[in-house]
Amino acid sequence: MSKQDQNKNNEPPTTGHEWDGIREYDNPLPRWWLWTFYATIVWAIGFTIAYPAWPMLKGATPGLLGYSSRADVADDIQSFVDANAQVDTRLASVELSAISDDPELKNYALNGGKAVFATWCAQCHGAGANGIKAGSGFPNLIDDDWLWGGKIEDIHATISNGIRDEANDDTRYSEMPKFGEFLEPGEIGQLVQFVRLLSNQDNDATKAAAGKELFAENCSACHGDTGKGDRDQGAPDLTDAIWLYGGDSETLTATITNARFGVMPAWAGRLSESQIRQVATYVHDQGGGE
Amino acid sequence: MIDLAHRRFYMFWIEIWPYEFYFVAGLLIMAGLGLFLFTSALGRVWCGYACPQTVWTDLFILVERWVEGDRNARLRLHKSKWNFRKWRLSLTKWGIWLAIAMATGGAWVFYFADAPTLLVDLFTGQAAFVAYGAVAILTGTTFLFGGFAREQICTYMCPWPRIQAAMMDEDTLTIGYRDWRGEPRGKHRKSAEADQLGDCIDCMACVNVCPVGIDIRDGQQLECITCALCIDACDDVMTKIGKPRGLIDYMAVTDEENERAGRPRKPSWKHVIRPRTIIYTVLWALVGAILVVALFTRAKTEINVSPVRNPVYVILSDGSVRNTYDIRILNKQNVEHIYDVQVRSENDLKLSFQGTGSNTVTVPADSTGSFRVFITAPAGSAAANGGLKDIHIWVEDWVTNEHAYSDSVFNGKGK
């Protein structure tokens, strides 16, 4: 260590530290820097008093101003709800069939419905509304085949009240008997071949001919004499190319033997009337609406 | 002209969409090459004659001269104490400067909005905050830069003086002082030494007029903006004392060498027209020609297609197979147009718009229309049962018959 050499050539004093011949000037901190530093300390103390800051066992200290980012978000959401209140009221009160004629309502419903669908419906019906995968039992909503009707009113009623939802009195309800309890496996095999004949698939002609009578006795009450189905009862059309669970012999045998009982919850009460109409309009617009 | 909110650029009847920004890039390249050309030929003529900083500074000095009198009067005034007269003159001068600065800032914001509307809005207090902010910033900077900072901007802030050295060569015409003719300088008195003095009478006229405050007799300097005020001043003096003009003149480095050696200098046009400047001019014209061709051949209608892949296809009740596509039709004309959209392929496919079921659609002026279309292959057809099939989606303008297409694929049931 060298001794402090002061004011030689007007140089400021050094700290007296020396590393390999390099000495450090003992300059005072710049005034503006120092005062800025003090100001930040004052600011920090004030900030921790005014705003949420110190972590405690249960949450942080709330701060005098009562600021909360959560409340900010809630306010933001509320402001959008308020901004949409008028169009929501209008959407919930007009005739369902009038929505598609009103560009503003339709645009609002389609955009809102997309969000509602992604939040509440996509889990079963898939993000693309195509029923996750063929034969899964979750209906494909973008084709042109409907169990309970594809008009906007039908879709609205289905969403509002659900399907086979025991908690809802207005729910769409029907139940196919488990024909395994009434019919012999051989008879079921004949029915299966007849159903494949109805839908223009490969079939065993003799079995199918025998199945025709069985169909008239057991199935036509719901599915109709020609197998076209009945939307009032949610009985599927057996003649088209679309199968909810599958149209191959194995799946058809299982369906007839054990029956199917797909359910969907009622959304009235969980979603607002406006939201139900939004998502109904959205589904109706996906290519299958009637 | 520049609509930031809707991302459009307008130049007379030309409309540039953001993805066509290469037009602006082309203009910038032309501006750059133009600067190279002029700098290599004539030094910093841009700085001396066209740069807004110089133009506004000159304008402000003009105001100053008009309010406060000539240079000597101004110097006296600036040195004097702050009395009523000085306050009055200064405030008048600053007021006019501010008015000019505000007009500048105002003119600038008019590029970004409908000018007549904005003008009324600005005066009635209806305009947007950014409009007032932009006017305020531009007013402030113009006032400070033109009125007070002046040549400091050129010397300390502007990067161009640093670049210019790389642009200029020994044939570039710049301002030069013929020191072999002027030196030794001195006052011409009727004395014996007068014969031994050069033509320069050391009147300081060249230094006094210099806007960047240099003495050109010390040679070419970083600060010089080639404004040639010193040439005019010196020529006036030379005429008065009966000496030949051109003691300070446009000169290139090679001229100096030639003249010192007693050889004639190259004519000025040979300095300006030489391989380097010709190459710059050709490049500049080439970029310009490419831009003009691109401008007149660009499409007014375009279509983008993206197939919807969730799901890739859907089977309808009659067994037909349907694909869904999101299409965007760009109408780059200032009126709304009706478009006919068709699918073209080897297969029997049908196209219809979601919601309407038709094949025609209207796109408003200057905008992109987004639509969802369905393409259906009949049951049992090759397209329905096969794998990927190439298709073109055509869009045709009903009125102009201009068309555009986009390639896409159709997914059948098969793998």
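Residues numbered from 1 in each chain as written. Chains lettered and ligands numbered in written order. Predicted model: local features only at pLDDT ≥ 70, side-chain atom pairs only at ≥ 80, totals over all residues. Heavy atoms only, no water.

A. Fine view of the overall build of chain B. A count of helical and extended segments in chain B gives 16 helices and 14 strands. Across the 415 residues in chain B, those meeting the buried criterion constitute 40%. Sequence-distant contacts in chain B: of pairs separated by 6 or more residues, those separated by 24 or more amount to 64%. Entry remark: accessible area of chain B is about 23,100 Å², with carbon and sulfur atoms responsible for 63%. (Helix = DSSP H or I, 4+ residues; strand = E, 2+ residues; numbered from the N terminus. Buried < 20%, exposed > 50% of the residue type's maximum accessible area, 1.4 Å probe, protein only. Contact = heavy atoms within 4.5 Å. Areas by Shrake-Rupley, 256 points an atom, 1.4 Å probe, with all protein chains shown as cover.)

B. Representation of the confidence of the model for chain A in the model. Taken over all residues, the pLDDT of chain A has a mean of 90, while the share at 70 or more is 97%. Throughout residues 1-6 of chain A the model reports pLDDT below 50, and contacts reaching past four residues in sequence, or to other chains, amount to 11 contacts. (pLDDT = per-residue confidence, 0-100.)

C. Seen up close, the interface of chain B and chain A. Taken together, the 13 residues of chain B in the interface contact 14 residues of chain A. Of the roughly 1,000 Å² buried where chain B meets chain A, counting both sides, 49% is carbon and sulfur surface. Joining chain B to chain A, the criterion identifies 0 salt bridges. Counting the contacts that link chain B with chain A gives 5 residue pairs in polar contact (both at pLDDT 80 or more). Contributions of two or more residues to the side of chain B that touches chain A are made by strand E7 (314-315) and strand E12 (367-377) of chain B. Counted by class, the side of chain B that touches chain A contains 5 nonpolar, 5 polar and 3 charged residues. (Buried area = accessible area lost by both parts, 1.4 Å probe. Salt bridge = Lys/Arg side-chain N within 4 Å of Asp/Glu carboxyl O. Polar contact = N/O pair within 3.5 Å; in protein donor to acceptor, adjacent residues only side chain to side chain. Nonpolar A, V, L, I, M, F, W, Y, C, P; charged D, E, K, R; others polar.)

D. Geometry of the packing of aromatic side chains. Residue and element names in this part refer to chain B. Under the defined criterion, the tally for this structure stands at 22 aromatic pairs over all chains. With centroids separated by 5.8 Å and ring planes inclined at 50°, the aromatic side chains of tryptophan 108 and phenylalanine 112 adopt a geometry described as tilted. Pairing phenylalanine 143 with phenylalanine 148 gives two aromatic rings, centres 5.5 Å apart and planes at 70°, and the pair type is edge-to-face. Overall, phenylalanine 143 belongs to the buried group, its relative accessible area being 15%. Cluster of aromatic residues (ring-pair linked, three or more members): Phe60, Trp94, Trp97, Phe143 and Phe148. (Phe/Tyr/Trp six-rings, centres within 6.5 Å; stacked < 30°, edge-to-face > 60°.)

E. A look at the sheet that holds strand E14 (residues 403-411) of chain B. All names here are of chain B. The strand order across the open sheet built from 4 strands is E11-E9-E13-E14, with neighbouring strands paired in antiparallel fashion. Each having just a single partner strand, strand E11 (360-363) and E14 make up the two edges of the open sheet. Each adjacent strand pair in this sheet contributes to an overall mean axis angle of 30°, direction not counted. Taken together, the 9 bridges between strand E13 (residues 388-397) and E14 define a ladder with antiparallel strand orientation. Pairing of tryptophan 394 across the sheet is with tyrosine 405, part of E14. (Pairing = 2+ DSSP bridges. Axes fitted to C-alpha atoms, helices over the stretch in contact; angles between N-to-C directions.)

F. Structural view of the pattern of salt bridges. Overall, the coordinates contain 20 salt bridges over all chains when judged by the stated rule. Residues arginine 90 of chain A and glutamate 104 of chain A are paired through a salt bridge, measuring 2.7 Å at the closest nitrogen-oxygen approach. Pair noted here: arginine 90 of chain A is in helix H2 (residues 69-93) and glutamate 104 of chain A is in helix H3 (residues 103-125), with a separation of 14 residues, a long-range link. Owing to a relative accessible area of 32%, arginine 90 of chain A belongs among the partly exposed residues under this scheme. For glutamate 64 of chain B, the salt bridge identified is with arginine 74 of chain B, shortest N-O distance 3.4 Å. Of the two residues, glutamate 64 of chain B sits in helix H3 (residues 52-68) while arginine 74 of chain B sits in helix H4 (residues 71-79), which places them 10 residues apart along the sequence. The same class applies to glutamate 64 of chain B and to arginine 74 of chain B, which are both buried.

G. Representation of the sheet that holds strand E1 (residues 2-3) of chain B. All names here are of chain B. Read across the sheet, 3 strands follow the order E1-E2-E3 without closing on themselves; strand pairing throughout is antiparallel. In this open sheet, the two edge strands, each paired with only one partner strand, are E1 and strand E3 (14-16). Sheet topology note: the E1/strand E2 (residues 8-11) ladder contains 2 bridges and is antiparallel. Residue isoleucine 2 lies in a different strand from E2, and its bridge partner there is phenylalanine 9.

H. The arrangement of the nonpolar core in detail. In this structure, Phe117, Ile159 and Val283 of chain A are the most contacted members of the largest nonpolar core, which totals 30 residues. Every element with two or more residues in this core is listed here: H2, H3, helix H4 (152-161) and helix H9 (273-284) of chain A. Among the elements that line this core, the one with the most residues is H3 of chain A, at 7 residues. In this view, isoleucine 159 of chain A contacts Met264, Pro265, Ala266, Trp267, Ala268, Ile276, Val279 and Ala280 of chain A; residues no more than four positions away in its chain are not counted. With 26 residues, the next largest nonpolar core counts Cys47, Ile216, Ile225 and Val237 of chain B among its residues. (Core = buried A, V, L, I, M, F, W, Y, C linked by side-chain atoms within 4.5 Å.)

I. Main features of the packing of H3 of chain B against H4 of chain B. Residue and element names in this part refer to chain B. Where H3 contacts H4, the axes come no closer than 9 Å and their chain directions differ by 80°. Looking at the two axes, H3 sits roughly perpendicular to H4. Of the residues in H4, those touching H3 at Ile61, Glu64, Arg65 and Glu68 are Ala73, Arg74, Leu77 and His78. Partitioned by chemical class, the residues of the contact of H3 with H4 number 3 nonpolar, 1 polar and 4 charged. (Parallel < 35°, antiparallel > 145°, perpendicular 65-115°, else oblique.)

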